[in-house]
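Working through the structure, step by step
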Amino acid sequence: MSGFINKAAGNMEAGLGKIIGDEEMRKRGEDRAYQGHGQQQRQEDEAKRQANIDDAKNSSMAQKAKGAAEQAGGTLKQGAGRAVGNPGMEQAGREARDQGIGRVDKN
């Protein structure tokens, strides 16, 4: 159950306990609301952490690094294709290299 729901349900239970004079219900509700608040905070923190990870993955520097790796891999593949006399491999390497260059230049 989400933290928000637990917090709201706990507050309602605590309020009802206070209205009807049931001290045990009030305390139980307060405990549930407190736990719900903690759950809600952890859920919000996790959402922020995930957003930061997503931002880092899509950052310009990360994209440049990915492009450089594609460029290097393409250059190696192109050279290997040339060395073994495989024009298809050489062309695929050239295309991968160019894709990497494009990614670096774009970012």
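Scroll up to find the structure this text is about.
Predicted model, so just to flag it, every value in this text is computed and none were measured.

About the criteria used
Residues numbered from 1 in each chain as written. Predicted model: local features only at pLDDT ≥ 70, side-chain atom pairs only at ≥ 80, totals over all residues. Heavy atoms only, no water. Salt bridge = Lys/Arg side-chain N within 4 Å of Asp/Glu carboxyl O. Helix = DSSP H or I, 4+ residues; strand = E, 2+ residues; numbered from the N terminus. Buried < 20%, exposed > 50% of the residue type's maximum accessible area, 1.4 Å probe, protein only. Contact = heavy atoms within 4.5 Å. Axes fitted to C-alpha atoms, helices over the stretch in contact; angles between N-to-C directions. Parallel < 35°, antiparallel > 145°, perpendicular 65-115°, else oblique. Left-handed = near helix turned anticlockwise from the far one by under 90°. Nonpolar A, V, L, I, M, F, W, Y, C, P; charged D, E, K, R; others polar. Patch = residues over 30% accessible without salt bridge, like charges linked within 9 Å, V, L, I, M, F, W, Y side chains within 5 Å. Areas by Shrake-Rupley, 256 points an atom, 1.4 Å probe, with all protein chains shown as cover.

1. Some details on the pattern of salt bridges
Within the structure shown, the criterion is met by 9 salt bridges. For R28, the salt bridge is made with E13, and the minimal N-O distance between the two is 2.7 Å. With a gap of 15 residues between them, R28 in helix 2 (residues 23-57) and E13 in helix 1 (residues 3-20) connect regions that are remote in the sequence. Of the charged contacts, one joins R94 and E90 as a salt bridge, the two residues approaching to 3.3 Å between their closest N and O atoms. On the criterion of helical spacing, the pair formed by R94 and E90 is a turn pair, its members being 4 residues apart in helix 4 (residues 87-106).

2. Thoughts on the side chain of Q78
With respect to the helices, strands and loops of the structure, Q78 is situated in helix 3 (residues 60-84). For Q78, a relative accessible area of 6% puts it in the buried group. Once residues within four sequence positions are removed from consideration, Q78 is found in contact with M89, E90, G93, R94 and R97.

3. A short note on the packing of helix 3 against helix 4
Running from N to C, helix 3 and helix 4 cross one another at 160°; their axes reach a closest spacing of 7 Å. With respect to each other, helix 3 and helix 4 are oriented roughly antiparallel. Considering the relative orientation of helix 3 and helix 4, their crossing is left-handed. Grouping the constituent residues of the contact of helix 3 with helix 4 by class yields 7 nonpolar, 10 polar and 9 charged.

4. So, a nonpolar patch on the surface
Taken together, the side chains of L16, I19 and I20 define a hydrophobic patch exposed on the protein surface, amounting to about 330 Å² of accessible area. Checked against the element boundaries, I20 lands in helix 1.

5. Focus: the environment of N6
Assignment of secondary structure puts N6 in helix 1. The class of N6 is buried, set by a relative accessible area of 13%.

6. Some thoughts on the packing of helix 1 against helix 2
Relative orientation of the contacting elements helix 1 and helix 2 amounts to 160°, with a least axis distance of 7 Å. Overall, the two elements helix 1 and helix 2 adopt an arrangement that is roughly antiparallel. Relative to helix 2, the crossing made by helix 1 is left-handed. A per-class count over the contact of helix 1 with helix 2 returns 7 nonpolar, 11 polar and 7 charged.

Honestly, it's all geometry; don't read function into it.
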